[in-house]
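# Understanding the architecture of this molecule
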Amino acid sequence: MTATGIDDVNLLERFLSSLLVIFDGDGLLPLDFEITEISMGRLTCWVDARPIGDDIEWLGPAVKAVTYHQMKVESRNGEWTAQAIFDV
């Protein structure tokens, strides 16, 4: 999976939204992912997913959308942190 964005916050939103499309649109449950490349405005990752079946027990509400509300990406002392809020 590849996501592109015009800045770090937009890239995070596009990445999370792409995971939501895999879940909602493709009917697959992302179980694990590994970011294989991240550079100026581009993120590429490997995603392991399984088909959503009746054997899955859901805990809590479903995510409806990724929002920009209070979304941020910051680098401090060489460590990156991200914050995202989801509509449920």
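Rules behind the numbers
- Residues numbered from 1 in each chain as written.
- Predicted model: local features only at pLDDT ≥ 70, side-chain atom pairs only at ≥ 80, totals over all residues.
- Heavy atoms only, no water.
- Helix = DSSP H or I, 4+ residues; strand = E, 2+ residues; numbered from the N terminus.
- Buried < 20%, exposed > 50% of the residue type's maximum accessible area, 1.4 Å probe, protein only.
- Polar contact = N/O pair within 3.5 Å; in protein donor to acceptor, adjacent residues only side chain to side chain.
- Core = buried A, V, L, I, M, F, W, Y, C linked by side-chain atoms within 4.5 Å.
- Contact = heavy atoms within 4.5 Å.
- Salt bridge = Lys/Arg side-chain N within 4 Å of Asp/Glu carboxyl O.
- Lys, Arg positive; Asp, Glu negative; His and termini not counted.
- Patch = residues over 30% accessible without salt bridge, like charges linked within 9 Å, V, L, I, M, F, W, Y side chains within 5 Å.
- Areas by Shrake-Rupley, 256 points an atom, 1.4 Å probe, with all protein chains shown as cover.
- Expected span 1.5 Å × (residues − 1).

With respect to the helices, strands and loops of the structure, R76 is situated in strand 5 (residues 72–76). On the basis of relative accessibility, which here comes to 59%, the residue R76 falls in the exposed class. Looking at R76, its side chain comes within polar contact range of the side chain of E74, at 3.3 Å.

Residues A3, L11, L12, F15, L16, L19, I22, L43, C45, V66 and M71 constitute the largest nonpolar core, which totals 11 residues. Breaking this core down by element, the ones donating at least two residues are helix 1 (8–24) and strand 3 (42–51). A per-element tally of this core places helix 1 first, with six residues. Discounting residues that sit within four places of it in the chain, L11 has contacts with A3, T4, G5, I38, G41, R42 and L43.

Turning next to the side chain of N10. Note that N10 resides in helix 1. Separated by 2.5 Å, the side chains of N10 and Y68 make a polar contact. In this view, N10 contacts T4, G5 and Y68; residues no more than four positions away in its chain are not counted.

Our next topic: the pattern of salt bridges. Counted according to the given criterion, the structure contains two salt bridges. When the shortest N-O distance is used, the salt bridge between D55 and R50 registers 2.9 Å. With relative accessibility at 58%, the residue D55 sits in the exposed group. Across the salt bridge formed by E74 and R76, the nearest N and O atoms sit 3.3 Å from each other.

Among the structural elements, E13 can be located in helix 1. Notably, E13 is buried but unbridged: the nearest opposite-charge side chain belongs to R14, and the N-O separation is 4.8 Å. Among the polar contacts listed, one links the side chain of E13 to the side chain of S17, at a separation of 2.8 Å. For E13, the contacting residues outside a window of four places in its chain are V66, Y68 and M71.

What follows covers a nonpolar patch on the surface. On the surface, a nonpolar cluster with roughly 280 Å² of combined accessible area is contributed by F33, I35 and I38. Here I35 is to be found in strand 2 (residues 28–39).

All right, on to helix 1 then. Relative to the 24 Å expected for 17 residues at 1.5 Å per residue, helix 1 spans 24 Å between its end C-alpha atoms, a close match to the ideal helical length. Listing the buried residues of helix 1 in full gives N10, L11, L12, E13, F15, L16, L19, L20 and I22. The N-cap residue of helix 1 is D7: its side-chain oxygen and the backbone nitrogen of V9 are 3.2 Å apart.

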